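Each chain is listed here by its residues.
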Amino acid sequence: MSYDVGSGDLVLCVNAAPNHVTGEPVPLVAGETYRVWAVMEFACPCGRSDALLDVGVGFAWCQTRFRLLPKPKAKEKTRRTEAPKEVETV
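In this report, the structure presented in the accompanying data block is examined. The shown structure was predicted, so the numbers you read here are calculated from the model rather than taken from an experiment.

### With respect to the pairing of strand β1 (residues 10-13)
Every second residue of β1 is oriented toward a common face, the buried set being Val11 and Cys13 and the non-buried set Leu10 and Leu12. Pairing of β1 with strand β2 (residues 33-35) involves three bridges; the strand directions are antiparallel. Its bridge partner being in β2, Leu10 is matched across the sheet by Arg35. Summarising the sheet, β1 and strand β6 (residues 66-68) pair through three bridges and their orientation is antiparallel. Paired with Leu12 across the bridge in β6 is Arg67.

### Details of the packing of aromatic side chains
Counted by the stated rule, this structure contains one aromatic pair. Both rings, one in Tyr34 and one in Phe66, keep their centres 6.2 Å apart while their planes meet at 80°; by these two values the pair is edge-to-face. Taken together, the residues Tyr34 in strand β2 and Phe66 in strand β6 connect sequence positions 32 residues apart. When sorted by exposure, Tyr34 lands in the same class as Phe66, which is buried.

The rules behind the values
- Residues numbered from 1 in each chain as written.
- Predicted model: local features only at pLDDT ≥ 70, side-chain atom pairs only at ≥ 80, totals over all residues.
- Heavy atoms only, no water.
- Buried < 20%, exposed > 50% of the residue type's maximum accessible area, 1.4 Å probe, protein only.
- Helix = DSSP H or I, 4+ residues; strand = E, 2+ residues; numbered from the N terminus.
- Pairing = 2+ DSSP bridges.
- Phe/Tyr/Trp six-rings, centres within 6.5 Å; stacked < 30°, edge-to-face > 60°.

Here it is, written out as structure tokens:
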């Protein structure tokens, strides 16, 4: 594939078509995000992918069913604290 997917990455399911090898329906949902548990360096029987992804649903799925999501960037938050009011005794 043109991108590297690793364990722990988030991927978006873009193809929930029936299994392209057996023709059986798949339990994946198009448009849903999955976390990759493992990447198996086996060529998919369809010949379209050089790796199978384990996303915790079923066993392993062709990498072409998913698109890698960008990693969230850490944003710096400014926190406002309230200073105690100074009371002057008269």
